[in-house]
Amino acid sequence: KNQVEQSPQSLIILEGKNCTLQCNYTVSPFSNLRWYKQDTGRGPVSLTIMTFSENTKSNGRYTATLDADTKQSSLHITASQLSDSASYICVVSVNTNAGKSTFGDGTTLTVKP
Amino acid sequence: NAGVTQTPKFQVLKTGQSMTLQCAQDMNHNSMYWYRQDPGMGLRLIYYSASEGTTDKGEVPNGYNVSRLNKREFSLRLESAAPSQTSVYFCASKLAGGLVNEQFFGPGTRLTVL
């Protein structure tokens with residue numbers, strides 16, 4: 001069964017600190033992995049997208065890494081800001097025409113002043 | 001360019017009532033999706049439409065029906081609402097094909113079934 005597991009479930013950090021969120025998956029055949037940010041009460045918004053051949057992708061203070069051999073990804077947030085408080089969702093898509101996706105349960109990040 | 005829009009934003013139903021959630025996208029995307037998100041859980045696919053004229057069941061289709069009215073619109077219908085269908089419903093769309101196939105999400109509909 002295709003699965004995506006994220007850790008930790010929740011995380012509290014101080015403003016300005018860095019943090020790393022983890023994602024392990026068993027989805028096959030792998031097409032791509034995306035990290036989404038979901039603010040409270042809003043729909044998810046894409047941060048990064050990585051295909052099989054990509055090891056790292058950055059979007060400002062967000063850097064995602066992918067190890068397709070171990071089926072692991074991480075999202076590193078640098079110099080956190082209060083606005084980074086959100087749920088971060090790892091999504092893995094299969095290589096089919098519909099590109100169906102499996103969603104992780106998300107990591108809830110709280111950045112405190 | 002509004003992206004993906006959903007109506008209504010909030011809805012309260014009584015058990016047994018029916019309603020239709022509306023979704024529209026203006027990005028000329030081929031594929032559209034309906035998800036539900038329960039507290040502390042990941043999004044689960046209810047139904048999807050890979051292209052205009054086609055619909056398929058997702059992971060949790062029971063109790064729901066969908067209509068792909070045209071390329072822009074994809075509606076979700078609850079024929080007889082149950083408390084277990086209390087959730088936040090998200091519609092998404094995607095330009096089918098290619099490896100990089102990002103889904104764009106609407107703002108969600110918060111449904112409570114009493």
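Here, every reference points to the structure presented above.
For every chain, the first residue of the written sequence is number 1, and numbering continues from 1 along that sequence. Following the order in which they are written, the chains are lettered starting with A and the ligands numbered starting with 1. Totals for whole chains, interfaces and linings use all residues, but because this is a predicted model, local features are given only for residues with pLDDT of at least 70 and pairs of side-chain atoms are given and counted only at 80 or more. Side-chain metrics rest on all non-hydrogen atoms present in the structure, leaving aside hydrogens and water.

With that out of the way, let us pick up the nonpolar core. Residue and element names in this part refer to chain A. Within the largest apolar cluster, 25 residues are counted, with the highest numbers of intra-cluster contacts made by Y25, L33, W35, L75, Y88 and V92. At the level of elements, β3 (19-25), β4 (30-38), β5 (45-51), β7 (62-67), β8 (72-77), β9 (86-94) and β11 (107-112) are the ones that each hand at least two residues to this core. A helix here means a DSSP run of H or I that spans at least four residues, while a strand means a run of E at least two residues long, and both kinds are numbered starting from the N terminus. Here this core takes 5 residues from β9, the largest share from any one element. Every residue in contact with V92, bar those within four places of it in the chain, is listed here: V4, Y25, V27, F30, N32, L33, K100, S101 and T102. The criterion is simple. A nonpolar core is a set of buried Ala, Val, Leu, Ile, Met, Phe, Trp, Tyr and Cys residues joined through side-chain atoms within 4.5 Å. Residue exposure (1.4 Å probe, protein chains only): buried if accessible area is under 20% of the type maximum, exposed if over 50%, otherwise partly exposed. Two residues form a contact once any of their heavy atoms are found within 4.5 Å.

The disulfide definition used here is simple: a pair of cysteine sulfur atoms within 2.5 Å. Evaluation of the coordinates by the stated rule reveals 2 disulfides over all chains. A sulfur-sulfur distance of 2.0 Å marks the disulfide that ties C23 of chain A to C90 of chain A. Note on the C23 of chain A and C90 of chain A pair: the S-S dihedral is about -65°, so by sign convention the disulfide is left-handed. Within this pair, whereas C23 of chain A is found in strand β3, its partner C90 of chain A is found in strand β9, the two being separated by 67 residues in sequence. The same class applies to C23 of chain A and to C90 of chain A, which are both buried. Here C23 of chain B engages in a disulfide with C91 of chain B; their sulfurs sit 1.9 Å apart. The S-S bond linking C23 of chain B to C91 of chain B shows a torsion near -70°; that makes this disulfide left-handed. Taken as a pair, C23 of chain B in strand β3 (residues 19-25) and C91 of chain B in strand β9 (residues 87-94) lie far apart in primary sequence, 68 residues in all.

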